[in-house]
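Architecture and fold: a report
Read off the chains here:
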Amino acid sequence: MQDSNSRQAAIRLGTHGEDYGNWMPVSMLRLVRGLLALTVVLADRQTAGRGRYDRIWSSASGEGLWMTALVRPHILPEQAPWFTLGAAVAVAESLVAFGYPAGIKWPNDVLVAQEGPLFRRKLCGIRAEMDVAEDGTLSWINVGIGLNLLQEQFEGSLKDVAASLRMLGEDVPDRAQCACAVLDKLEEMGDIFEREGFAPVRRRWLDLALGLGSEATVRDIEGEQRGVVRDLDEEGH
């Protein structure tokens, strides 16, 4: 594992993508070309960022951390969704370490966890994709992270649902610091999954969970279901 100081220097001095339509196709192409087990792509802005269900993700120039981390964990393909939950833990724990009130809404939205006008507004969106090799093993997982940092306000449909670190306080860590903190945690998640499985990360996810005991609507390929959020099972459901 690279130490945080070296990683911050590499991020500051390395080559950044100034403007990507969407981070995932670029990062997947670089992985196919044979880069390292952990490959990171950072963009200054995106012009076609997408979240779950292909919803538009606002990613203006210089105002957030728009990053994809490509990992090659030694886990089974059916265990790959663990990484989506683990990425939410990585981001939320990093923000808490910086002093921000962050929590998780199932499965992987990172929200403001402090009562007040910004309570439960979205700070970070996470989207993951994976590839399975011809022999049935997991080739890679592509974890896209969009973290709002410097926005003073949001307009339109995002006005009452999104928040940024700047809206929570003036002293905001820079993108390199945020990226390094999240990547350190993300590597930690991968190590835990390989050594101990999902259980330790599940406990940490539950410690950060928002909305336990409340009603929720889940939408998937089978349609829409309503219920009460009570727990996260051993498989992450």
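Everything below is about the structure shown above.
Residues numbered from 1 in each chain as written. Predicted model: local features only at pLDDT ≥ 70, side-chain atom pairs only at ≥ 80, totals over all residues. Heavy atoms only, no water.

Observations regarding the overall build of the protein
Summing up its helical and strand segments, the protein has six helices and nine strands in all. Going through the 237 residues of the protein one by one, you find that 44% of them count as buried. The contacts in the protein between residues at least 6 apart in sequence include a share of 63% that link residues at least 24 apart. (Helix = DSSP H or I, 4+ residues; strand = E, 2+ residues; numbered from the N terminus. Buried < 20%, exposed > 50% of the residue type's maximum accessible area, 1.4 Å probe, protein only. Contact = heavy atoms within 4.5 Å.)

Some remarks on the packing of helix H5 (residues 175–196) against helix H6 (residues 199–208)
Close contact between H5 and H6 brings their axes to 8 Å; oriented N to C, the two are set at 135°. As summarised for this structure, H5 and H6 are arranged oblique, according to the angle between their axes. In this structure, H5 uses Lys185, Glu188, Met189, Ile192, Phe193 and Glu196 to contact H6, whose residues at the interface are Pro200, Val201 and Arg204. (Axes fitted to C-alpha atoms, helices over the stretch in contact; angles between N-to-C directions. Parallel < 35°, antiparallel > 145°, perpendicular 65-115°, else oblique.)

Section: the environment of leucine 111
When you line up the elements, leucine 111 lands in strand E5 (residues 109–112). In the structure, leucine 111 is positioned ten residues away from proline 101 in sequence and 8.4 Å away in space, judged by C-alpha atoms.

As for H6
Turning to H6, its buried residues number three or more, namely Pro200, Val201, Arg202, Arg204, Trp205 and Leu208. On the buried face of H6, the contacting elements are helix H3 (81–97), strand E4 (102–105) and H5.

Concerning H5
Helix length check: H5 (22 residues) gives 31 Å between terminal C-alpha atoms against 32 Å at 1.5 Å per residue, within 8%. Along H5, the residues that are buried comprise Ala176, Cys178, Ala179, Cys180, Val182, Leu183, Asp184, Leu186, Met189, Gly190, Ile192 and Phe193. If you check the start of H5, you find a side-chain oxygen 3.1 Å away from the backbone N of alanine 176, and it comes from aspartate 174. A positive backbone phi angle near 85° is found at glycine 197, which sits one or two residues after H5. (Expected span 1.5 Å × (residues − 1). Polar contact = N/O pair within 3.5 Å; in protein donor to acceptor, adjacent residues only side chain to side chain.)

Quick word on the pattern of salt bridges
Inspection of every chain in the model, using the stated rule, returns eleven salt bridges. Between glutamate 93 and lysine 185 there is a salt bridge; the shortest N-O distance is 3.0 Å. With glutamate 93 in helix H3 and lysine 185 in helix H5, the pair connects residues that are 92 residues apart, well separated along the chain. Judged by its relative accessible area of 23%, lysine 185 falls in the partly exposed class. A salt bridge links arginine 121 to aspartate 160; its shortest N-O distance comes to 3.9 Å. Highlighted residues: arginine 121 in the loop between E5 and strand E6 (122–132) and aspartate 160 in the loop between strand E7 (138–148) and helix H4 (165–168), separated in sequence by 39 residues. Connected via shared salt-bridge partners are Glu93, Lys185, Glu188 and Arg204. (Salt bridge = Lys/Arg side-chain N within 4 Å of Asp/Glu carboxyl O.)

Overview of the packing of aromatic side chains
Across all of its chains, the model carries four aromatic pairs by this definition. Judged by centre distance (5.6 Å) and plane angle (20°), the ring pair of tryptophan 82 and phenylalanine 198 falls under stacked. With tryptophan 82 in helix H3 and phenylalanine 198 in the loop between H5 and H6, the pair connects residues that are 116 residues apart, well separated along the chain. As far as the burial class goes, tryptophan 82 and phenylalanine 198 line up, both buried. Plain terms: the ring middles of phenylalanine 83 and phenylalanine 193 are 5.3 Å apart, the flat faces sit at 65° to each other, and that makes the pair edge-to-face. Placement of phenylalanine 83 in helix H3 and of phenylalanine 193 in helix H5 is noted, with a sequence separation of 110 residues between them. No difference in accessibility class separates phenylalanine 83 from phenylalanine 193, as the two residues are buried. Feature note: the residues Trp82, Phe83, Phe193 and Phe198 constitute an aromatic cluster, connected by ring pairs. (Phe/Tyr/Trp six-rings, centres within 6.5 Å; stacked < 30°, edge-to-face > 60°.)

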